[in-house]
Amino acid sequence: MKNILVTGGCGFIGSNFIRYLLSEPGFSGRVINVDRLTYAGNPENLSGIDTDTDRYIFVKADICDRQAMSDVFDTYHIDTVSHFAAESHVDRSIAEPDAFIKTNILGTFTLLELARQHQDHLSLFHHVSTDEVYGSLGKEGYFKETTAYDPSSPYSASKAASDHLVMAYSRTYGLPVTLSNCSNNYGPYHFPEKLIPLMILNALEGKPLPVYGDGGNIRDWLFVTDHCRAVWRIMQQGRRGQTYNIGGRCEMTNLSVVEIICDILDEIVPSDSGTSRRSLITFVTDRPGHDLRYAIDCTKIEKELGWLPQESFKTGIRQTIDWYLTHQKWVDRIKTGEYLKWIESHYKM
Ligand code: NAD
Ligand code: DAU
C-alpha cells in the first residue's frame with residue numbers, strides 16, 4: 001500500500017483516519033485525499049498535516065466525476081482505496097435525499113468502475129459503511145455480519161446500495177474488497193449537526209438541547225480513533241471479500257448521553273447561574289422512521305483480527321468535550337460559516 005486514495009478525508013472520520021494513518025509506523029506511503037468539500041468537508045480538519053509532510057496530497061474533486069477520478073488514479077498511481085466520502089446525516093437525507101443517492105450510490109459505483117479498470121495494480125478497495133444498513137433492533141439481539149439488510153432512512157438505504165455494489169464487484173470481477181459496518185462515532189472534528197457535538201455546544205451556550213421523542217432510542221458509541229484503528233487493521237489483515245462489524249459494546253440511550261454531557265460540563269465549566277445544564281433538555285418531535293436500537297456484535301473483528309476499542313465512553317467523552325473546549329476557533333468558523341467562505345475563496349467554487 002504505497003498510494004492510498006482516501007475519499008472524504010476532510011470530513012469527521014476521514015480526517016481522523018488520515019491523521020492516524022500518517023502517524024502509523026507501519027505505513028510509509030502517501031495519502032491522496034479526494035474531497036468535494038461539501039458543507040461537511042473542512043480542510044481545517046487537517047491543518048498541520050497539509051503543510052508538514054510531502055506524504056499528503058489534497059485534490060478537490062467529486063467522486064461522481066469519472067474523468068476527475070480517473071485522472072487521480074493515473075496521476076498518483078493509486079494502489080489502494082479507502083472510501084469514506086458520503087453524505088452522512090440522517091436528518092438531511094429525510095429532508096433532501098437527492099445528494100445521498102448521487103454521492104453514496106453513484107459515487108461509489110464510479111470509484112468501483114475505476115478500481116476495476118486499474119485492477120492489475122489495485123491491492124484493496126476498502127468501503128466504510130454503517131450499522132444503519134441493518135435497520136432497527138428491538139430490545140434484544142445484536143447486528144451480526146450475517147444480519148439481513150433492512151435500512152430505514154434514505155441515508156441508510158443509499159449506504160446499503162453502495163455495500164451491495166462493493167460485494168457484487170468482489171464476486172463478479174474478483175475486485176479485492178473489504179467492507180466495514182460501524183456504529184456511531186464521536187470525537188474531535190465531529191460536525192456540530194450530530195447529537196454529541198450539538199449537545200456540547202448548545203449546552204455551553206445555554207441553548208435548548210433537543211432530544212427526539214422520549215430520548216429512549218439506543219446507539220452503540222465508539223471513539224473515532226478506535227474506528228480508524230479498526231479500518232486500518234481490516235485493510236492490513238482482513239480477509240478479502242469479507243465484511244467486518246465494528247462497535248464499541250457501548251449501548252446508551254440518547255437521554256443518558258445528553259445527561260452525561262450536561263453533568264461533565266457542569267463539573268468542569270459550571271454555568272454562571274449555577275443551574276444544571278440538564279434543565280436545558282427539551283423533548284422535541286421524533287425523527288420519522290427513527291430506528292429504536294443499534295447494537296453491534298463485533299466478535300468477528302475481535303477474534304480474527306484482535307481488534308478491541310481502547311477508549312471507554314467515560315474516557316472518550318471527556319477527551320471529546322476537552323477538544324471542543326480548546327478548539328473554539330474551529331467551532332466559531334463553522335458556526336459563522338467562515339470556513340465555507342475560505343473554501344470558496346481558495347477553490348473558486
Ligand atoms: P462527514 O459528513 O463528516 O464527511 C463526509 C466527507 O465526504 C466530507 O468531507 C464531504 O465533503 C465529503 N464528500 C461528500 N460528498 C462527496 C463527493 N460527492 N465527492 C467527494 N467528497 C464528498 O461523514 P463522516 O461522519 O466522517 O462519515 C464518513 C463515512 O463513515 C461515511 O461513509 C459514513 O457513512 C461512514 N460512517 C459514519 C459513522 C458516524 O458515526 N459518523 C458511523 C459509521 C459509518
Ligand atoms: O450508526 C452509525 C450512524 O451514526 C452513521 O452511519 C451516520 O453517518 C451518523 O450520522 C450516525 O447516525 P445517527 O442518526 O445515529 O446520528 P445522530 O447524531 O444524527 O443522532 C444520534 C441519535 O440522537 C439518534 O437516535 C437521533 C438522536 N438525536 C439527534 C440529533 C441531531 C436527537 O435526539 N437530537 C438531535 O438533535
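Everything below is about the structure shown above.
Residues numbered from 1 in each chain as written. Chains lettered and ligands numbered in written order. Predicted model: local features only at pLDDT ≥ 70, side-chain atom pairs only at ≥ 80, totals over all residues. Heavy atoms only, no water.

A separate point is the overall build of the protein. Of regular secondary structure, the protein possesses 13 helices and 12 strands. Radius of gyration (C-alpha) of the protein: 20 Å, near the 20 Å computed for a compact globule of 349 residues. Once the C-alpha set of the protein is aligned to its principal axes, its extents read approximately 65 × 50 × 40 Å. Within the protein, the proportion of its 349 residues that are buried is 54%. The long-range share in the protein, meaning contacts at least 24 apart out of those at least 6 apart in sequence, stands at 83%. For the protein, the exposed surface amounts to about 14,700 Å²; the carbon and sulfur share of it is 52%. Positive and negative charge centroids in the protein, built from 35 and 44 side chains respectively, lie 3 Å apart. (Helix = DSSP H or I, 4+ residues; strand = E, 2+ residues; numbered from the N terminus. Rg over C-alpha atoms; globule rule 2.2 N^0.38 Å. Buried < 20%, exposed > 50% of the residue type's maximum accessible area, 1.4 Å probe, protein only. Contact = heavy atoms within 4.5 Å. Areas by Shrake-Rupley, 256 points an atom, 1.4 Å probe, with all protein chains shown as cover. Lys, Arg positive; Asp, Glu negative; His and termini not counted. Charge placed at Lys NZ, Arg CZ, Asp CG, Glu CD.)

Let's shift gears to the sheet that holds strand S10 (residues 242-246). The pairing of strands in a sheet happens through backbone hydrogen bonds and is either parallel or antiparallel. Spatial strand order, S3-S2-S1-S4-S5-S6-S10: seven strands in an open sheet with parallel pairing. Two strands bound the open sheet, and with one partner strand each, they are strand S3 (56-60) and S10. Strand-to-strand twist of the sheet, defined as the mean angle between neighbouring strand axes without regard to direction, takes the value 20°. In terms of strand pairing, strand S1 (residues 3-7) meets strand S4 (residues 80-83) through four bridges, oriented parallel. Note on S4: the bridge partner recorded for Thr-7 is His-83. The strands touched by helix H1 (residues 12-22) are S1, strand S2 (30-35), S3 and S4; relative to S2, the strand with the most contacts, the crossing angle is about 170°. (Pairing = 2+ DSSP bridges. Axes fitted to C-alpha atoms, helices over the stretch in contact; angles between N-to-C directions.)

Another aspect to go through is the nonpolar core. With 67 residues, the main nonpolar core has Phe-17, Ile-196, Ile-246, Ile-261, Ile-301 and Phe-313 as its most contacted residues. For this core, the element with the highest residue contribution is helix H8 (residues 224-237), accounting for seven residues. Those residues in contact with Phe-313, other than ones at most four positions away along the chain, are Tyr-186, Ile-196, Trp-221, Cys-250, Met-252, Val-257 and Ile-260. Residues Met-69, Leu-111, Val-166 and Val-177 belong to the second largest nonpolar core, which totals 26 residues. (Core = buried A, V, L, I, M, F, W, Y, C linked by side-chain atoms within 4.5 Å.)

Now for the environment of Gln-328. Position of Gln-328 among the secondary structure elements: in helix H12 (residues 328-335). Residue classification places Gln-328 among the partly exposed positions, given a relative accessible area of 40%. Along the sequence, Gln-328 and Lys-60 sit 268 residues apart, while their C-alpha atoms lie 26 Å from each other.

For the rest of this paragraph, the subject is the packing of aromatic side chains. Taken as a whole, this structure holds 19 aromatic pairs when the rule is applied. Centroid distance Phe-17 to Phe-84: 5.0 Å. Interplanar angle 45°. Geometry classified as tilted. Within this pair, whereas Phe-17 is found in helix H1, its partner Phe-84 is found in the loop between S4 and helix H4 (90-95), the two being separated by 67 residues in sequence. Comparing Phe-17 with Phe-84 shows no difference in burial state: the two are buried. (Phe/Tyr/Trp six-rings, centres within 6.5 Å; stacked < 30°, edge-to-face > 60°.)

Here Asp-131 is to be found in the loop between strand S5 (124-130) and helix H6 (154-173). The side chain of Asp-131 sits in the buried core without any salt bridge; Arg-219 is the nearest counter-charge, 6.8 Å away. Aside from chain neighbours lying at most four places away, what touches Asp-131 is Phe-143, Asn-181, Cys-182, Ser-183, Asn-184, Tyr-294 and Ile-296. (Salt bridge = Lys/Arg side-chain N within 4 Å of Asp/Glu carboxyl O.)

On to the site of ligand 1. Taken together, 28 residues lie near ligand 1, and Ile-13, Asp-35, Ser-88, Tyr-155 and Lys-159 sit nearest. In this structure, an oxygen atom belonging to ligand 1 sits 2.8 Å away from a main-chain N or O atom of Ile-13. One nitrogen or oxygen atom from the side chain of Lys-159 is found 2.6 Å from an oxygen atom belonging to ligand 1. Mapped onto the shell around ligand 1, the elements with two or more residues apiece are H1, S5, H6 and strand S7 (184-186). It is S5 that provides the largest number of residues to the shell around ligand 1, a total of three residues. Class assignment for the residues of the shell around ligand 1 results in 13 nonpolar, 11 polar and four charged. (Near = heavy atom within 4 Å. Polar contact = N/O pair within 3.5 Å; in protein donor to acceptor, adjacent residues only side chain to side chain. Nonpolar A, V, L, I, M, F, W, Y, C, P; charged D, E, K, R; others polar.)

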